[in-house]
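Listed here are the chains, written in short residue letters.
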Amino acid sequence: MKLTVTGRNIDITDGIRDHLQSKMDKTINDLGEEADVHVALHVEKHRHHGEITVKTKGFTVHSQHESEDLYI
């Protein structure tokens, strides 16, 4: 699985990247090496937005979430 992380108004640290990688390994590791996962994080004051797009052979899934804590 290829994980790409981008951020707007936030620096993507190794801690954030490692946290995301561990979450992906637990939840979608069955997709195999062909899966392309893109995570976009955006921070506005106390609001954290996260979007994820998973592309693999045959389908694409997109989701988004907003919370007050980045590590939910």
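### Details of the sheet that holds strand β1 (residues 2-8)
Strand order in the open sheet made by the 4 strands is β1-β2-β3-β4, with mixed pairing throughout. With one partner strand each, in any of the chains shown, β1 and β4 (59-67) form the two edges of the open sheet. Neighbour to neighbour, the strand axes of the sheet diverge by 15° on average, direction disregarded. Each of β1, β2 (36-44) and β3 (47-56) touches helix α1 (residues 14-27); the most contacted strand, β1, lies at about 135° to it.

### A closer look at α1
Residue pairs three or four apart in sequence face the same way in an α-helix, which turns once every 3.6 residues. Helix length check: α1, at 14 residues, gives a terminal C-alpha distance of 20 Å against a target of 20 Å (1.5 Å per residue), a fit within 8%. For α1, the full list of buried residues reads I16, L20 and M24. Down the axis of α1, the smallest arc covering the buried residues is 65°, so these residues share one side. Relative to its buried face, α1 has exposed residues pointing more than 90 degrees away, namely D14, D18 and K26. Those residues of α1 that are buried are in contact with β1, β2 and β3.

### Considerations on the pairing of β2
Bridge count for β1 against β2 is 7 bridges, and the pairing is parallel. Within β2, the residue paired with V5 across the bridge is V39. Note that the unit made of β1, α1 and β2 has a crossover that is left-handed. Of the pairings in the sheet, the one linking β2 to β3 comprises 9 bridges and is antiparallel in character. From the neighbouring strand, H42 faces β3, where its bridge partner is H49. Once β2 ends, the chain turns through 2 residues before running back antiparallel as β3, passing K45 with a positive phi of about 50°.

Conventions and cut-offs
- Residues numbered from 1 in each chain as written.
- Predicted model: local features only at pLDDT ≥ 70, side-chain atom pairs only at ≥ 80, totals over all residues.
- Heavy atoms only, no water.
- Pairing = 2+ DSSP bridges.
- Helix = DSSP H or I, 4+ residues; strand = E, 2+ residues; numbered from the N terminus.
- Axes fitted to C-alpha atoms, helices over the stretch in contact; angles between N-to-C directions.
- Contact = heavy atoms within 4.5 Å.
- Expected span 1.5 Å × (residues − 1).
- Buried < 20%, exposed > 50% of the residue type's maximum accessible area, 1.4 Å probe, protein only.
- Arc of directions from axis to C-beta.
- Right-handed = clockwise from strand over helix to strand, strands pointing away.

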